[in-house]
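Geometric and topological summary
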Amino acid sequence: MGAAHGHRLYFHGHSPVHRLPAHCKIVALLCFVLAVVATPAGVFWPFAWYAVGLLAAVGASRVPPLFLARRMVVETPFVLFAVLMPFVATGPRVDLLGVSVSEHGLQAAAMLLCKGTLGVVASLLFAATTESRDFLAGLQRLRMPQQLVQIMAFMVRYLDVTTAEMQRMRVAREARCFSARGPAAWPTVARSGGALFIRAYERGERVHLAMLSRGYAGRLPMLSESPASALQWSVAALLPGFTVLVSLAAWTISR
Amino acid sequence: MSTPVLDVQGLAFAYADGHQALFGVNLHVHRGEHVALLGPNGAGKTTLVLHLNGILTPGRGSVRVAGLEVAAPHLQEIRRRVGVVFQDPDDQLFMPTVRDDVAFGPANLGLRGSELDARVAEALTRVGMLEYVDRPPHHLSFGQRRRVAVATVLAMRPEILVLDEPSSNLDPASRRELAEILTGLDATLLMVTHDLPYALQLCERSVVLSDGVIVADGPTSDVLADEETMRAHRLELPFGFDPRAHGVS
């Protein structure tokens, strides 16, 4: 279950990227992704520049590239979709390694891959350098509605507890010779799912009681995170600023 | 005599489904006392505890905490005065880090900044958990989580500390460590427990609740030695344990 000091996506460190306040990084990530997505269709050279900028940020964070690469498996469904696109799309065809594929499809797939990969690497870098608690504090500071922050906070806190509960139920099933093979096992698995839901619901009620007992009146206290200095904002703005410039340049040139 | 910290008079309560859990409970706890609340499963112990901080409101009778009636207009103050430590620390610890969790109660009371930090440090020091202040609760051992749960309540400087089954699921070493912390606290304690040797070790007085009424109230060693009452209310000592041979430490 992850490192001793955070969730599975987090890489413990003290680099300048780690030290940036979470809310600066959230804004930076959002601007970076928007600028990348806004790249005009059919122009590919900006992606090389985005990648250079992003790799510089990875370098500054001192997160090993292999750490990020391993976690890029989340992109797999998008890659599969992108690979299919040239075959299913319509329009003029071109030959690629002896196979006839759609030209539009090929281009769209390449765009999707470039944009997707950059977005995934940037998000992974964010997750690797930001503890979940700081992420929540950052959202709170960015004025995300209280209820949403609270729901996310509880999800982060109780994900492991509920997963452990699920594991225990699985072990208890298997200890009595249950094997989850074939449709005959589905009713049992479904009932376990139901039981898990009820347990989680009851825990929710107990947690609420415990909160009321300590004076909860509808608002979680502000998670402490100090405001960011102008210097920190400017450091955080380096990557998205560069990306926006490249994206703008691509629009000007491609016109 | 001084105003009792806890003054429960003629408390009766029935749940919405008609199940009557308490039938006129009388209980007084004075400052500095350590009282064990004993009783079989289903005796109404948890129902009684939930009345002490106003989560449940009495059907009949009254509950006063240090002279203040447990009722809607001043529930915040009541919940500051009565610190309840629930049985499962995973229910009690719901914030992302130990620091945030211990700060939760005092922050609800309006504390901020350095005053809040000092309160958190003080509470964690009292349970010997200060070095874990930045850890997420789910990375602590069960015994450590229980100690942090005690700290979350101590941070509110309660008049009375109410513990629900404090020794459950603890290994013997964690059980002993918690006992040492609780004896060193210099606080008024009400401890709900099935662990009779623990009651004898920590509490000079015991109260037995059975079927919604108090059936025994006296020095723990006397209560535990009264074999007839014990048997009548499904309370059993561990094999070979003689309450007269042990005493409050």
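It should be emphasised that the depicted structure is a prediction, and the values quoted were computed from it without experimental measurement. (Residues numbered from 1 in each chain as written. Chains lettered and ligands numbered in written order. Predicted model: local features only at pLDDT ≥ 70, side-chain atom pairs only at ≥ 80, totals over all residues. Heavy atoms only, no water.)

**With respect to the pairing of strand 9 (residues 205-210) of chain B**
All names here are of chain B. This is how it is decided: The buried label applies to any residue whose accessible area, calculated with a 1.4 Å probe on protein chains only, is under 20% of its type's maximum; exposed applies above 50%, and partly exposed to all values in between. Under the DSSP-based scheme used, a helix requires at least four consecutive residues in state H or I and a strand at least two consecutive residues in state E, with every element numbered from the N terminus. Two strands pair if DSSP finds at least two bridges between them.
Of all 6 residues in strand 9, 6 are buried, a share of seventy percent or more. The side-chain alternation of strand 9 yields two buried faces, one formed by Arg205, Val207 and Leu209 and the other by Ser206, Val208 and Ser210. Across 4 bridges, strand 3 (residues 34-38) lies against strand 9 in parallel orientation. Considered in strand 9, the bridge of Leu38 is made with Val208. With 6 bridges connecting them, strand 9 and strand 10 (residues 213-219) associate as antiparallel partners. Of the residues in strand 10, the one forming a bridge with Val208 is Ala216. In this structure, the hairpin formed by strand 9 and strand 10 is closed by a connection of 2 residues, where Asp211 is found at a positive phi of approximately 50 degrees.

**Some words on the domain arrangement of chain A**
Using the following cut-off: An automatic or database domain assignment is the source of the domain bounds shown.
Segmentation of chain A into domains returns domain 1 (16-138 + 227-254) and domain 2 (147-213). Its C-alpha centre places domain 1 of chain A at a distance of 35 Å from the equivalent point of domain 2 of chain A.

**Observations concerning the packing of aromatic side chains**
Let me state the cut-off plainly: Note on aromatic contacts: the rings of Phe and Tyr and the six-membered ring of Trp form a pair at centre separations within 6.5 Å, being stacked when their planes are under 30 degrees apart, edge-to-face when over 60 apart, and tilted otherwise. Lysine NZ or arginine CZ positioned within 6 Å of the ring centre and within 35 degrees of the ring normal marks a charge as sitting over the ring.
Enumeration according to the criterion identifies 9 aromatic pairs over all chains in this entry. Aromatic side chains Phe44 of chain A and Phe47 of chain A sit 6.2 Å apart centroid to centroid with 45 degrees between the ring planes, which places their arrangement in the tilted category. Residue Phe44 of chain A is classed as partly exposed on the basis of its relative accessible area, which comes to 33%. Exposure remark for Phe47 of chain A: the relative accessible area of 6% places this residue in the buried category. Geometrically, the ring pair formed by Phe13 of chain B and Tyr15 of chain B is edge-to-face, given 4.9 Å between the ring centres and 85 degrees between the ring planes. Grouping aromatic residues by their ring pairs yields a cluster made of Phe154 and Tyr216 of chain A together with Phe94 and Phe104 of chain B. Note that Arg71 of chain A overlies the ring of Phe67 of chain A, its terminal NZ or CZ placed 3.7 Å from the centroid. Residue placement shows Arg157 of chain A over the ring face of Tyr158 of chain A; its charged tip is 4.9 Å from the ring centre.

**Details of helix 8 (residues 146-175) of chain A**
As a reminder, the rule being used: To estimate how far a helix should extend, the number of its residues minus one is multiplied by 1.5 Å. To obtain the bend at a residue, axes are fitted to the seven residues ending there and to the seven starting there, and the angle between these axes is taken. Every residue pair with non-hydrogen atoms within 4.5 Å of one another is taken to be in contact.
For helix 8 of chain A, with 30 residues, the first-to-last C-alpha span of 43 Å sits near the 44 Å given by 1.5 Å per residue. A bend of about 45 degrees at Tyr158 of chain A is the largest found in helix 8 of chain A. Turning to helix 8 of chain A, its buried residues are Gln146, Val149, Gln150, Ala153, Arg157, Tyr158, Asp160, Val161, Glu165, Met169 and Arg173 of chain A. Elements in contact with the buried residues of helix 8 of chain A: helix 7 (132-141) and helix 9 (186-213) of chain A together with helix 3 (89-92) of chain B. Positive phi appears at Cys177 of chain A, one or two residues downstream of helix 8 of chain A, with a value of about 70 degrees.

**Some thoughts on the environment of Leu239 of chain A**
Residues and elements named next belong to chain A. For Leu239, the location among the structural elements is in helix 10 (residues 230-254). Separated by 210 residues in the primary sequence, Leu239 and Leu29 have C-alpha atoms spaced 8.8 Å apart. Once residues lying within four places of it in the same chain are set aside, the contact partners of Leu239 are Phe32, Gly53, Leu54 and Ala57.

**Description of the pattern of salt bridges**
We count it as follows: When a carboxyl oxygen of Asp or Glu is within 4 Å of a side-chain nitrogen of Lys or Arg, the pair counts as a salt bridge.
Counted under the stated rule, the structure contains 24 salt bridges over all chains. Here Asp101 of chain B and Arg214 of chain A are joined by a salt bridge, their closest N and O atoms 2.8 Å apart. Linking Asp101 of chain B in helix 4 (residues 98-108) with Arg214 of chain A in the loop between helix 9 and helix 10, this pair reaches from one chain into another. Here Arg214 of chain A falls in the buried class, since its relative accessible area comes to 1%.

**Thoughts on the side chain of Thr97 of chain B**
Position of Thr97 of chain B relative to the elements: it lies in the loop between helix 3 and helix 4. Among the residues examined, Thr97 of chain B registers a relative accessible area of 7% and is labelled buried. With sequence-adjacent residues up to four places away left out, Thr97 of chain B is seen in contact with Arg133 of chain A together with Val133, Asp134, Arg135, Pro136 and Pro137 of chain B.

**Notes on the nonpolar core**
The following threshold applies: What makes a nonpolar core is a set of buried Ala, Val, Leu, Ile, Met, Phe, Trp, Tyr and Cys residues whose side-chain atoms join them at distances within 4.5 Å.
Core analysis: the biggest nonpolar cluster contains 48 residues, and Leu38, Val102, Leu124, Leu161 and Leu163 of chain B have the highest contact counts within it. If you look at the next biggest cluster of nonpolar residues, it comprises 33 residues, including Val25, Leu48, Val49 and Val162 of chain B.

**A look at the side chain of Arg145 of chain B**
In this structure, Arg145 of chain B sits in helix 6 (residues 142-154). Every residue in contact with Arg145 of chain B, bar those within four places of it in the chain, is listed here: Pro89, Asp90, Leu93, Pro137 and Leu140 of chain B.

**A word on the interface of chain A and chain B**
Size of an interface: often given as the accessible area lost when the parts come together. Going by this rule: When two parts are brought into contact, each loses some accessible area as probed by a 1.4 Å sphere; the total of that loss over both is the buried area. Throughout this description, a polar contact denotes any pair of N or O atoms lying within 3.5 Å of each other; where both atoms belong to protein, one of them has to be capable of donating a hydrogen while the other can accept it, and for residues adjacent in sequence the pair is counted only when both atoms sit in side chains.
The interface of chain A with chain B comprises 25 residues on the first partner and 27 residues on the second. Where chain A abuts chain B, roughly 2,500 Å² becomes buried across the two surfaces, and 58% of that area is made up of carbon and sulfur atoms. Summed over the three residues of chain A that lose the most area to chain B, namely Arg157, Ser213 and Arg214 of chain A, the buried surface amounts to 33% of that side. Taken together, the connections running from chain A to chain B amount to 6 salt bridges. Its salt-bridge partner being Asp100 of chain B, residue Arg133 of chain A comes within 2.4 Å of it at the nearest N-O pair. Across the chain A-chain B interface, the total number found is 15 residue pairs in polar contact (both at pLDDT 80 or more). Looking at the side of chain A that touches chain B, the elements that each hand over two or more residues are helix 7, helix 8 and helix 9 of chain A.

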